[in-house]
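Letter by letter, the chains look like this.
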Amino acid sequence: MPYIIDGKAISAQIKEELKTEVTAMKERGIVPCLAVIQVGNDPASSVYVNNKKKACAYIGIESLAYELDECTTQQELVSLIEELNQNEKVNGILVQLPLPKHIDEDTIIQTISPKKDVDGFHPMSVGNMCIGSKGFLSCTPAGIIQLLKRSGVVIEGKECVIVGRSNIVGKPMALLLLRENGTVTVAHSRTKDLKEITNRADILIVAIGKPKFITADYIKEGAVVIDVGIHRNAENKLCGDVDFEDVKEKVSAITPVPGGVGPMTIAMLMENCVEAVR
Ligand code: GUN
């Protein structure tokens, strides 16, 4: 069996570290505060938002919940964000995505002050990440870097292949691996001979959104595999973009689904909230 990279344990460790730091902040009279905005009541979004609020409560971060009606106008949402940008008590602002179709996500993301952009989605945050300046990092890719580092995986000099080029995972992941001195290739749906490319990877990061797409023939013997996908099958069981059973004898280390990347996204969101106060 490969080494299982335990995202649940690593995220718990990060949350403990943050809890200690927040306790010390509170002794100095500082209470970190995150505003969480959800528009409409998409069930998956509600689960994510609740988990975020629970993590805040555990660490000692105050959370302000804004549960807005599906019919909220773009201007109403912009006005709320502008108000929260000005509110000195609020350190971080999170707008849960996706938003209803009548609201332009880019406009909303760009309304959030880069100083409070704890998701790391604002173009200013992305630009800072690109040139290696200070700024909030996208939570999922930052969580993956933590998973690798805290599992003793060396990134420097390694062939890192990312499958998927989304703004939330693939693209920022490439920037963060480059920052760690990895040699980075980004493959995607139009890539020719994907197998040939993934077979070069010492570290393979998969974020394509297709259940069990990556099988043993995509993988180099001894590779470290990070599975960002999460899907629910007909029997209500969770699985990733990687066919775990098929690849497990070939990889040296792998993240499970669930319990791999998922818990890290929230841990890194909490890290960004504390960083907003620091
Ligand atoms: N929807 C899916 N993932 C995320 C995330 O990381 N942040 C926000 N705001 N919305 C999401």
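A quick note: this is a predicted structure, and the numbers were derived from the prediction, not measured. (Residues numbered from 1 in each chain as written. Predicted model: local features only at pLDDT ≥ 70, side-chain atom pairs only at ≥ 80, totals over all residues. Heavy atoms only, no water.)

K.L.:
How should the overall build of the protein be read in this particular structure?
P.N.:
Helix and strand content of the protein: 10 helices and 11 strands. Taken against the 2.2 N^0.38 rule, which gives 19 Å for 278 residues, the C-alpha radius of gyration of the protein at 19 Å falls within 12% of a compact globule. Oriented by its inertia axes, the alpha-carbon framework of the protein measures out at about 50 × 45 × 40 Å. A total of 278 residues make up the protein; the buried ones form 47% of that total. Nonlocal contacts in the protein, meaning residues at least 24 apart in sequence, comprise 71% of its contacts between residues at least 6 apart. Summed over its atoms, the accessible surface of the protein is roughly 13400 Å², and 51% of this surface lies on carbon and sulfur atoms. (Helix = DSSP H or I, 4+ residues; strand = E, 2+ residues; numbered from the N terminus. Rg over C-alpha atoms; globule rule 2.2 N^0.38 Å. Buried < 20%, exposed > 50% of the residue type's maximum accessible area, 1.4 Å probe, protein only. Contact = heavy atoms within 4.5 Å. Areas by Shrake-Rupley, 256 points an atom, 1.4 Å probe, with all protein chains shown as cover.)

K.L.:
What am I meant to see in helix 1 (residues 7-27) here?
P.N.:
In a regular helix each residue adds 1.5 Å, so 21 residues correspond to 30 Å; helix 1 covers 30 Å between its end C-alpha atoms and thus fits that length. Buried within helix 1 are the following residues: G7, I10, S11, I14, L18, V22 and M25. Considered in projection along helix 1, the buried side chains sweep an arc of 105° and stay on one side of the axis. Helix 1 presents K8, T20 and E27 as exposed residues on the side facing more than 90 degrees away from its buried surface. Looking at the buried side of helix 1, the elements it contacts are helix 2 (43-59), helix 6 (139-150) and helix 10 (262-277). The opening residue of helix 1 is D6, an N-cap whose side-chain oxygen sits 3.1 Å from the backbone nitrogen of K8. Once helix 1 finishes, G29 follows within two positions and takes phi at roughly 85°, a positive value. (Expected span 1.5 Å × (residues − 1). Arc of directions from axis to C-beta. Polar contact = N/O pair within 3.5 Å; in protein donor to acceptor, adjacent residues only side chain to side chain.)

K.L.:
Explain the pattern of salt bridges here, please?
P.N.:
Pairing between side chains becomes possible if they bear opposite charge and their charged atoms approach one another. Evaluation of the coordinates by the stated rule reveals 12 salt bridges. For E62, the salt bridge goes to K89, with nearest N and O atoms at 2.8 Å. Of this pair, E62 sits in strand 3 (residues 62-68) while K89 sits in the loop between helix 3 (74-86) and strand 4 (92-95), and the two are 27 residues apart along the sequence. By relative accessible area, which is 31% here, E62 ends up partly exposed. Across the salt bridge formed by R200 and E196, the nearest N and O atoms sit 3.7 Å from each other. Taken together, the salt bridges that share partners define one network made up of E21, K134, E271, E275 and R278. (Salt bridge = Lys/Arg side-chain N within 4 Å of Asp/Glu carboxyl O.)

K.L.:
So what exactly am I meant to see when it comes to the site of the ligand here?
P.N.:
Residues in contact with the ligand, as listed here, are K52, V95, Q96, L97, D119 and F121. L97 places a main-chain nitrogen or oxygen 3.0 Å from a nitrogen atom of the ligand. One of the side-chain N or O atoms of D119 is found 2.6 Å from a nitrogen atom in the ligand. For the ligand, the protein covers 80% of the area, taking 280 Å² as the surface of the free molecule. Considering only residue class, the shell around the ligand consists of 3 nonpolar, 1 polar and 2 charged. (Near = heavy atom within 4 Å. Nonpolar A, V, L, I, M, F, W, Y, C, P; charged D, E, K, R; others polar.)

K.L.:
I tried to follow unusual backbone geometry on my own but got confused; where do I start?
P.N.:
Trans is the common state for peptide bonds, and a negative phi is the common state for residues other than glycine. Residue P98 is reached from L97 by a cis peptide bond, and omega for that bond is 0°. Counting through the fold element by element, P98 comes out in the loop between strand 4 and helix 4 (105-111). Residue P258 is bonded to the preceding V257 through a cis peptide linkage, with omega at 0°. Looking at the secondary structure, you find P258 in the loop between strand 11 (253-254) and helix 10. Unlike most non-glycine residues, K212 shows phi in positive territory, near 50°.

K.L.:
What is the right way to look at the side chain of N91 in this model?
P.N.:
Assignment of secondary structure puts N91 in the loop between helix 3 and strand 4. For N91, a relative accessible area of 17% translates into the label buried. Side-chain polar atoms of N91 contact the backbone nitrogen of C33, separated by 2.7 Å. Aside from chain neighbours lying at most four places away, what touches N91 is V31, P32, C33, K115, K116, A276 and V277.

K.L.:
How do you make sense of the nonpolar core when you look at a structure like this?
P.N.:
In globular proteins that are soluble, nonpolar side chains generally tend to be buried together. If you look at the biggest cluster of nonpolar residues, it comprises 48 residues, and the most contacted ones within it are L34, I61, L148, L177, I205 and M270. The dominant element in this core, judged by the number of residues it contributes, is helix 10, at 8 residues. With sequence-adjacent residues up to four places away left out, L177 is seen in contact with I145, L148, I155, C160, I162, G182, V184 and I205. Of all hydrophobic cores here, the second largest spans 18 residues; its members include A35, L84, I103 and I108. (Core = buried A, V, L, I, M, F, W, Y, C linked by side-chain atoms within 4.5 Å.)

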